[in-house]
There are 2 protein chains.
Amino acid sequence: MSGSIDVERLAARLEELARIGAIEGTHGCSRLAATDEDRAARDLVVDWMRALELEVTVDAIGNVFGTRAGRTDGPPVVTGSHVDTVARGGRYDGNLGVVAGLEVLEAWNATGVTTERPVAVGVFTNEEGVRFQPDMMGSGVHQGFFELADCLAARDADGLTLGDELARIGYAGDAEPFTPHAYVELHIEQGPVLEEAGVTIGAVTSVQGISWTELLLDGQANHAGTTPMRLRRDAGLVAAEIAAGARRIALEVGADQVATVGVMELVPGAVNVIPGSARLTVDLRNTDDGALREAEERLLELARDLAEGEGVALTERSLVRLSPVSFDPGTIDLVERAARALGHDVLRMPSGAGHDAQMFAPNCPTAMIFVPSRDGISHDPSEFTEPKELRAGVDVLHDVLRELAG
Amino acid sequence: MSGSIDVERLAARLEELARIGAIEGTHGCSRLAATDEDRAARDLVVDWMRALELEVTVDAIGNVFGTRAGRTDGPPVVTGSHVDTVARGGRYDGNLGVVAGLEVLEAWNATGVTTERPVAVGVFTNEEGVRFQPDMMGSGVHQGFFELADCLAARDADGLTLGDELARIGYAGDAEPFTPHAYVELHIEQGPVLEEAGVTIGAVTSVQGISWTELLLDGQANHAGTTPMRLRRDAGLVAAEIAAGARRIALEVGADQVATVGVMELVPGAVNVIPGSARLTVDLRNTDDGALREAEERLLELARDLAEGEGVALTERSLVRLSPVSFDPGTIDLVERAARALGHDVLRMPSGAGHDAQMFAPNCPTAMIFVPSRDGISHDPSEFTEPKELRAGVDVLHDVLRELAG
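Described below are features of the structure shown in this document. (Residues numbered from 1 in each chain as written. Chains lettered and ligands numbered in written order. Predicted model: local features only at pLDDT ≥ 70, side-chain atom pairs only at ≥ 80, totals over all residues. Heavy atoms only, no water.)

Description of the interface of chain A and chain B
Contact residues are listed per partner, giving 55 residues for chain A and 55 residues for chain B. Summed over both partners, the interface of chain A with chain B comes to about 4,300 Å²; 61% of that surface belongs to carbon and sulfur atoms. Of all residues in chain A, Met-229, Arg-247 and Val-271 of chain A bury the most surface against chain B, accounting for 17% of the area lost on that side. When the shortest N-O distance is used, the salt bridge between Glu-310 of chain B and Arg-247 of chain A registers 2.8 Å. Of all the elements in the fold, those that place two or more residues in the side of chain A that touches chain B are α7 (193-197), β8 (222-223), α8 (235-253), β9 (258-260), β10 (264-267), β11 (273-274) and β12 (277-286) of chain A. The class makeup of the residues in the side of chain A that touches chain B is 26 nonpolar, 18 polar and eleven charged. (Contact = heavy atoms within 4.5 Å. Buried area = accessible area lost by both parts, 1.4 Å probe. Salt bridge = Lys/Arg side-chain N within 4 Å of Asp/Glu carboxyl O. Helix = DSSP H or I, 4+ residues; strand = E, 2+ residues; numbered from the N terminus. Nonpolar A, V, L, I, M, F, W, Y, C, P; charged D, E, K, R; others polar.)

Written out as structure tokens, the structure reads:
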């Protein structure tokens, strides 16, 4: 059924997109949301959509849809992703989902396939959340998770609003949001699990819940030589013990639980001064909300005990709390069946990263297809997925869309 | 014998020095070595020395000596300290030892005391080591521990050499170095031990050996959500576990052993990125060189095990290694006897900080007198010692110098 899929054409589109905001000397690019580079990438995608005779619409948060008509009206099956990148990004994250959707529709145009339902390729605004927060903004507004007005008013570091920037680049539209018949997104894994397992296709079952907590510790700066151990109130020591404890808690909670301390700052930060204060962040994720809550509670209990033991004041602040999202069992099964029918091994797996798909999951049958990321690397110019893996991903997307579109 | 000691005059001199480089809104001052502020403080001390009819000399590393003649020639008994401060320093650290020496000589002038041996008050260049490294530079050159040429060539962050800066401020002299008959220095404790014990006078027995090690950890930065715990090479985690381990090792080695992790830097330092690399420093100190070596060996062994377990590369770099210094038992006894005779409680204690005295200890009978630091705070504008404690310290210094000078 996917005989007209042309992976070289798909790779050429990824290459052409990657030239916009290209980072010299790398295969990656820098294309923050609603910048001139984002505009150029959107314009290119819209050109491709028009060449495929898709109906192009833009909504108020700047999401672009290119829709191929079905035999009947009614809500379309949607696929897609995003073309914004992080500041030093790769060429696959997001972009693959968009060009893969276009590749499927081009194959259908070439072979004269007609479907019962319309099929649309979506390009969602500001998935990365680097220039404007929160992330997954376009899909979140489209599916009613975020307020449109709040997101348009979001400001970047220079004080510019997303609303003004979308108008400036010509992507402030007026298309109405809608609930798709179904949503399916092809994306790179952004982690090492498929590669390690030697499996080409991930059938994504869920997106991990995310809990980010900032911990501020306030002790007493003092001379590293003259202050006996028993008289110390070392904020840095407590921070270090919390970080070591976060690893233990993740291993004890087990299953999919992960814990990361990515930020740890000691003040004043001198070799011979006991840190008077410290700041650290703890990133906890799990697909099971109960287990995630257990990890959060154990971490805070540990932090409080450690701080009290050292005579250090602790302030906790929740930065992000997103519950896990489960995808639709029937659509997950469809992904797995399609992949196996094409001769691929399949791993059912959660997503550790957030994706536009999670915004659709509460409102319509939703699933995702993962392909491997070499060395698990993403959000970096060295991001890479083999052509044969790209081909496998597009083939599965093709067959799943064909089935969903009827 | 110390009836003419005037603690108000001494406090007024500390106040006058503290006005040079005063930090607004505090009682502290900022007077880095060989700056205009350092020159102004030196000029003021030289004025006081001349008013006391001391013979003023300056040597090639900028140390100033004000010498009161004895009935005989021969090597003088030396007291003193330094008038440079850290960037945000207090008014007592160093300055107290200089003005206390002058106070003793002024009392002797007033009462017509003559001594067998000359007595000199020394002001040593760049004790703090903030602008130019290493610290204790003036006393170290004077006593042959450092090379004069190396120290004059030391450069500050702007590339200026100490030699040029000493010439600029008028303190590049040509007096010959000498070995004193004995050396005794009054200093604030810079730690909480005397205050906690409720004791006014510390008879310093030794200076802790110091071992500073920088540890660089190189793992793999990765996505905090998509990278399972078992596939991580988290440099930040290893850094945290080393810091927690340093505390355990200090407690297990026991006695005077202290361990401090004052610097910990995680790269890239983002909430949702596993740290790919980390830098930390470990400051280990002990008065017993064998125990210090044990702590160093255990720490490195632990760091290597932790790094290997996580698949993280470890690079170790020794930044500073100074062996412990013991003071002269007879001179320590003299300090203790003088203090008890004056009715003060005395605690024999090591110094956790480095002092000019340690440079003299290998070459002549040497000891130090400590007075309490409120809350153990030093190297901060809030540094404070009670007037009655200053008085006690000067009285003890007076009687010890009287005994040593004959």
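There is more to say after this.
A word on the pattern of salt bridges
Side chains carrying opposite charge are able to pair once their charged atoms draw close together. All names here are of chain A. All told, the structure shown has 60 salt bridges over all chains when counted by the stated rule. A salt bridge links Arg-131 to Asp-156; the nearest nitrogen and oxygen atoms lie 2.9 Å apart. One end of the pair, Arg-131, is in the loop between β4 (119-123) and α4 (137-142); the other, Asp-156, is in the loop between α5 (148-152) and α6 (162-168), with 25 residues separating them in the sequence. For Asp-395, the salt bridge is made with Arg-391, and the minimal N-O distance between the two is 3.1 Å. On the criterion of helical spacing, the pair formed by Asp-395 and Arg-391 is a turn pair, its members being four residues apart in helix α12 (residues 387-405). According to the relative accessible area criterion, Asp-395 is buried, its value standing at 9%. The structure contains a network of salt bridges with shared partners spanning Asp-36, Arg-39, Arg-131, Asp-156, Glu-165 and Arg-168. (Buried < 20%, exposed > 50% of the residue type's maximum accessible area, 1.4 Å probe, protein only.)

Things to note about the relation of the copies chain A and chain B
At an RMSD of 0.3 Å, chain A and chain B line up after a rotation of 180 degrees and a shift of 0.3 Å along the axis. The transformation just described matches what one would write down for a two-fold rotation axis. Taking the C-alpha atom as reference, chain A places Ala-240 of chain A closest to the rotation axis, 2.2 Å from it. Both copies share a contact surface, since 100% of the interface residues of chain A are interface residues in chain B too. (Least-squares fit on C-alpha atoms with pLDDT ≥ 70 in both.)

Description of the packing of helix α10 (residues 329-341) of chain A against α12 of chain A
All names here are of chain A. Between α10 and α12, whose axes approach to 9 Å, the crossing angle comes to 125 degrees. Comparing the axis directions of α10 and α12 gives the class oblique. As for the relative orientation of α10 and α12, their crossing is right-handed in sense. Along its contact with α10, which presents Leu-334, Val-335, Ala-338 and Ala-339, the element α12 presents Val-396, Asp-399, Val-400, Glu-403 and Leu-404. (Axes fitted to C-alpha atoms, helices over the stretch in contact; angles between N-to-C directions. Parallel < 35°, antiparallel > 145°, perpendicular 65-115°, else oblique. Left-handed = near helix turned anticlockwise from the far one by under 90°.)

Digging into the packing of helix α8 (residues 235-253) of chain B against helix α9 (residues 289-310) of chain B
Between two packed helices, both the angle of their axes relative to each other and the distance between the axes serve to describe the pair. All names here are of chain B. It is the contact of α8 with α9, at a shortest axis distance of 9 Å, that shows an interaxial angle of 150 degrees. When the interaxial angle is binned, α8 and α9 end up roughly antiparallel. Crossing of α8 over α9 shows right-handed handedness. In contact with Leu-237, Val-238, Glu-241, Ile-242, Gly-245, Ala-246, Arg-248, Ile-249, Glu-252 and Val-253 of α8, α9 contributes Ala-291, Glu-294, Ala-295, Arg-298, Leu-299, Leu-302, Ala-303, Leu-306, Ala-307 and Glu-310. Within the contact of α8 with α9, the residues separate by chemical class into 13 nonpolar, one polar and six charged.

Things to note about the packing of aromatic side chains
When we look at a pair of aromatic rings, we describe it by the centre distance and by the angle of the planes. Across all of its chains, the model carries 14 aromatic pairs over all chains by this definition. Put simply, the rings of Phe-65, Phe-124, Phe-178, Tyr-183 and Phe-360 of chain A touch in pairs and so form one group of aromatic residues. The ring of Trp-48 of chain B is capped by Arg-13 of chain B, whose NZ or CZ atom sits 5.2 Å from the centre of that ring. The ring of Trp-108 of chain B is capped by Arg-402 of chain B, whose NZ or CZ atom sits 6.0 Å from the centre of that ring. (Phe/Tyr/Trp six-rings, centres within 6.5 Å; stacked < 30°, edge-to-face > 60°. Lys NZ or Arg CZ within 6 Å of the ring centre and 35° of its normal.)

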